[in-house]
Amino acid sequence: MATLQGIAVSKGVVIGRAIVFDAGSRRMPRRTIPESQIDEELDRFEAASKTAIESLKQAHERAREDMGDEAARVFLFHLGMLQDKELVAPVRAMIRDERVSAEYAVSEVFGQWERRFASSSDSMFQTKADDVRDLADRLVSTLVGAESGITGDLSGMVVISRDLTPSQAVDAGRAGAAAVVTALGGPTSHTAIVAKALHLPTIVGCPGVTRKIQSGDRVIVDADTGNVLVAPDKKTLSDYRRIIELRETYHLTLDELADLDAETSCGVRIALHGNIEFPDEIADVTRLGGSGVGLYRTEFLYLTSRTEPTEEEQYTSYARCVELLDGAPLTIRTLDLGADKHTQSREEIPERNPFLGCRSIRLSFHRIGSFKTQLRAILRASRLGPLRIMFPLITSIEEFRRARLIVHDVIEDLADDGEPIDKPPLIGMMVEVPSAALLSEQFAREVDFFSIGTNDLVQYTLAVDRTNERVAHLYQPTHPAVLQLIRQVIQAAQNHDIPVSCCGESAGDPEFALLLLGLGMRTLSATPDSIPALKRAVRSVDIRTCERIADKALTLDSAPEIATFLRDRARKIVPEAFDGRSAE
Ligand code: PEP
Ligand code: MG
């Protein structure tokens, strides 16, 4: 039995037979054509582009049905690329000037773009390599008349592939695949977003997987931990069957929780909210028992389109959220672009250190026009139901004041335009850099609420890039320094009687959540999928126990020690959440 390790991007545990796709390269051999055939070849390319445009429109329709409007925008983005002169004109030029076949020109020109994107140091640019390859595949297979990629009945099978484009991920889901493992890819790629939206257990970035696994091999995909077990022995198989069984029973019992309150055994109400990237995810939040949206990451509307979304487009998304939430609270975070969430090709000058660069609220100040457009859309939507505005990456009080002043300017503009905002929304901030946490007392006098973003707070406190797998072991949410900062923020909020929540990934981890409750946190916002397990933990514990957990954790002096302690406690409080997995 061999164990391969990758990055889990969509959770689940599956045992199945492997089917290996795409072990080879897609490069086409160079075929020279006579001069008299150049026009014909250009026509072939034109026809293939038209067919690809049609099939992309269909893919977009199918994806909308399966994943909702917003996630399906990936395909609109592909359509835009195919109509982009910068990408397509060099293909025509190559056919004409070098007298080569259309498929060769496509594979060369798109291949160059793919390599350029893949070698970028910016992870958001890197993910575009998948999109370019997806388009090249589509064009080349149309030109050579071959089926592209993942087809047929894949019921219960584990798709193993060098890489998977977003449309192939949709195809795999449609064909009934039980899980996907790819050699390439990162956690922020479009493929990862699609896999999550489809609830398809997926591991990416698993080196050599297409060589080490053959079609027909039995594999266990543990997309909770990122492990792929090849040809497992009897004991491992039966252990995993048991894990799957327990997981199913546990999930069934979780389903029953959706309509119950998130209330501790001593009667304290906890608000469990969802983090969303697309309005359609609100259906998941509600189905899974969440009572609002604590973080709407609005940047995804930008990342899935080529041009900046208009005020109307943004308003439509925000208004839809308010409508879907039907009176439940919504916190809209203004644009958090930059660093790991970058729009391709929009940046004039790449930054040397984008995580410390012109990202987030700084970028909004840099592009006041766009910022005001977004605020207009948010403020207009605030007339339809409860909504709060939250600024990301605030590092100083002047920054917060400046951002709030701009909101007030926009409220005045709207009044001048005959669209008064009678009840202005609450205005709060993310606490996700140490300076904000350290000055939380000062901030708490002026802001309406705090939301702690542990994803960035951990990276900035510990100087660990959250996207760099080489330092992933140093990325420790249970580091004592991080816990001290969180405690400080909660205390400042309590002193000034303002709401505080946590919306980083750690809030979705029941072990960490118990600690947060013990520190006084009463609102957690996490990915919709993690809400049921959080609710189970909340309902299984009383606040006094959580306080004891927090007190003890804060006396321990290392991150691993605290992590082990929290796991131990959680295992006692919600043993069924541990799937029968043995303690480490
Ligand atoms: C965070 O930093 O914890 C957070 C919730 O924001 P994001 O993950 O979008 O940076
Ligand atoms: Mg953040």
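The structure under discussion appears in the preceding block.
Treat the numbers as computed from the prediction; the structure is a model and nothing was measured. (Residues numbered from 1 in each chain as written. Chains lettered and ligands numbered in written order. Predicted model: local features only at pLDDT ≥ 70, side-chain atom pairs only at ≥ 80, totals over all residues. Heavy atoms only, no water.)

A. How the structure looks around the coordination of the magnesium ion (ligand 2). Protein-derived ligands of the magnesium ion (ligand 2) are Glu432 (OE) and Asp456 (OD), with the metal-ligand distances lying across 2.0 to 2.2 Å. Linking Glu432 in the loop between strand 13 (426-431) and helix 16 (434-438) with Asp456 in helix 18 (residues 454-462), this pair joins segments that are 24 residues apart in sequence. Assigned by exposure class, Glu432 and Asp456 land together as buried. (Donors = N, O, S within 2.8 Å, 3.2 Å for Na, K, Ca; no water. Helix = DSSP H or I, 4+ residues; strand = E, 2+ residues; numbered from the N terminus. Buried < 20%, exposed > 50% of the residue type's maximum accessible area, 1.4 Å probe, protein only.)

B. Representation of the sheet that holds strand 4 (residues 158-161) in the model. Here eight strands make up an open sheet; going across it, the order is 1-8-7-3-4-5-6-2 and the pairing mixed. The strands lining the two open edges of the sheet, one partner per strand, are strand 1 (2-5) and strand 2 (7-10). Averaged over neighbouring strand pairs, the angle between their axes works out to 30° when direction is ignored. Bridging between strand 3 (residues 13-21) and strand 4 involves four bridges; their strand directions are parallel. Paired with Ile19 across the two strands is Val159, which belongs to strand 4. (Pairing = 2+ DSSP bridges. Axes fitted to C-alpha atoms, helices over the stretch in contact; angles between N-to-C directions.)

C. Expanded view of empty space enclosed by the protein. Taken as a whole, this structure holds three cavities of 30 Å³ or more when the rule is applied. Considering only enclosed or pocket space, the largest cavity measures out at about 100 Å³ in volume. Lining the largest cavity are Tyr302, Glu308, Leu335, Leu337, Ser360, Leu363, Ser364, Arg367, Ser370, Phe371 and Gln374. Of all the elements in the fold, those that place two or more residues in the lining of the largest cavity are helix 13 (360-366) and helix 14 (368-381). Taken together, the residues of the lining of the largest cavity sort by class into five nonpolar, four polar and two charged. Here the second largest cavity is characterised by a volume of approximately 70 Å³. In terms of lining, the second largest cavity is formed by 12 residues, of which the most central are Arg297, Arg333, Met430, Glu432 and Asn455. (1 Å grid on protein atoms, 1.4 Å probe; cavity = no way out; pocket = protein on both sides within 12 Å on 5 of 7 lines; lining within 4 Å. Points joined across faces, edges and corners; volume = space filled by probe spheres on them. Nonpolar A, V, L, I, M, F, W, Y, C, P; charged D, E, K, R; others polar.)

D. Examining the packing of helix 20 (residues 510-518) against helix 22 (residues 543-553) more closely. Here helix 20 crosses helix 22 at 100°, and the two axes come no closer than 7 Å. When the interaxial angle is binned, helix 20 and helix 22 end up roughly perpendicular. In this structure, helix 20 uses Leu514, Leu515, Leu517 and Gly518 to contact helix 22, whose residues at the interface are Ile543, Cys546, Glu547, Ile549, Ala550 and Ala553. (Parallel < 35°, antiparallel > 145°, perpendicular 65-115°, else oblique. Contact = heavy atoms within 4.5 Å.)

E. Structural detail: the side chain of Gln459. Mapped onto the fold, Gln459 is located in helix 18. With a relative accessible area of 5%, Gln459 lands in the buried category. Within the structure, the side chain of Gln459 is placed 2.9 Å from the side chain of Asp456, a separation counted as a polar contact. A polar contact of 2.9 Å, which involves the side chain of Gln459, links it to the backbone nitrogen of Arg466. (Polar contact = N/O pair within 3.5 Å; in protein donor to acceptor, adjacent residues only side chain to side chain.)

F. Representation of the site of ligand 1. Contacts to ligand 1 come from 14 residues, most closely from Arg297, Arg333, Gly453, Asn455 and Arg466. Glu432 has a polar side-chain atom sitting 3.0 Å from an oxygen atom of ligand 1. One nitrogen or oxygen atom from the main chain of Thr454 is found 3.1 Å from an oxygen atom belonging to ligand 1. The cavity that encloses ligand 1 is the second largest cavity. Elements represented by at least two residues in the shell around ligand 1 include exactly strand 10 (293-297) and helix 18. Ranked by residue count, the leading element in the shell around ligand 1 is helix 18, at three residues. Partitioned by chemical class, the residues of the shell around ligand 1 number three nonpolar, four polar and seven charged. (Near = heavy atom within 4 Å. Sits in = over half its atoms within 2 Å of the grid points.)

G. Main features of the pairing of strand 3. Relative to strand 7 (residues 218-222), strand 3 runs antiparallel, the two sharing five bridges. Paired with Arg17 across the strands is Arg218, a residue of strand 7.

H. Region of the structure containing the environment of Glu323. Within the secondary structure, Glu323 is located in helix 12 (residues 311-325). It is 23 Å that separates the C-alpha atoms of Glu323 and Leu260, two residues lying 63 residues apart in sequence.

I. Here's a closer look at the side chain of Arg333. Looking at the secondary structure, you find Arg333 in strand 11 (residues 330-333). Under the relative-accessibility criterion, Arg333 is labelled buried at 2%. A polar contact is formed between the side chain of Arg333 and the side chain of Asp336, at a distance of 3.3 Å.

J. Representation of the pattern of salt bridges within the structure. One pass over the full model with this rule turns up 29 salt bridges. Between Glu419 and Arg383 there is a salt bridge whose closest N-O contact spans 3.7 Å. In this pair, Glu419 sits in the loop between helix 15 (397-416) and strand 13 while Arg383 sits in the loop between helix 14 and strand 12 (388-391), placing the two residues 36 residues apart along the sequence. What makes Glu419 partly exposed here is its relative accessible area of 24%. With a closest N to O distance of 2.7 Å, Glu446 and Arg401 form a salt bridge. Taken together, the residues Glu446 in the loop between helix 17 (440-444) and strand 14 (450-452) and Arg401 in helix 15 connect sequence positions 45 residues apart. Residues joined in a network through salt bridges with shared partners are Glu311, Glu312, Arg376, Arg380, Arg383, Asp417 and Glu419. (Salt bridge = Lys/Arg side-chain N within 4 Å of Asp/Glu carboxyl O.)

K. Region of interest: the nonpolar core. In this structure, Phe391, Phe450 and Ile452 are the most contacted members of the largest nonpolar core, which totals 97 residues. If we ignore the near neighbours within four places in the chain, the residues touching Phe391 are Thr334, Ile361, Phe371, Phe400, Ala403, Arg404, Val407, Ile427, Gly428, Met429 and Met430. Counting residues in each nonpolar core, the second largest holds 50 residues, with Phe21, Ile38, Phe77 and Val88 among its members. (Core = buried A, V, L, I, M, F, W, Y, C linked by side-chain atoms within 4.5 Å.)

L. Examining the packing of aromatic side chains more closely. Evaluation of the coordinates by the stated rule reveals four aromatic pairs. Between Tyr296 and Tyr318 the ring centres are 5.9 Å apart and the planes differ by 80°, which places this aromatic pair in the edge-to-face class. Remark: Tyr318 occurs in helix 12 and Tyr296 occurs in strand 10; sequence separation between them is 22 residues. Among the residues examined, Tyr296 registers a relative accessible area of 1% and is labelled buried. Measuring from centroid to centroid gives 6.2 Å for Phe365 and Phe371, while their planes differ by 80°, and the two rings are edge-to-face. For Phe365, a relative accessible area of 11% puts it in the buried group. Accessibility expressed as a relative area gives 2% for Phe371, which makes it buried. Members of the aromatic cluster, each reached through a chain of ring pairs, are Phe365, Phe371, Phe391 and Phe400. (Phe/Tyr/Trp six-rings, centres within 6.5 Å; stacked < 30°, edge-to-face > 60°.)

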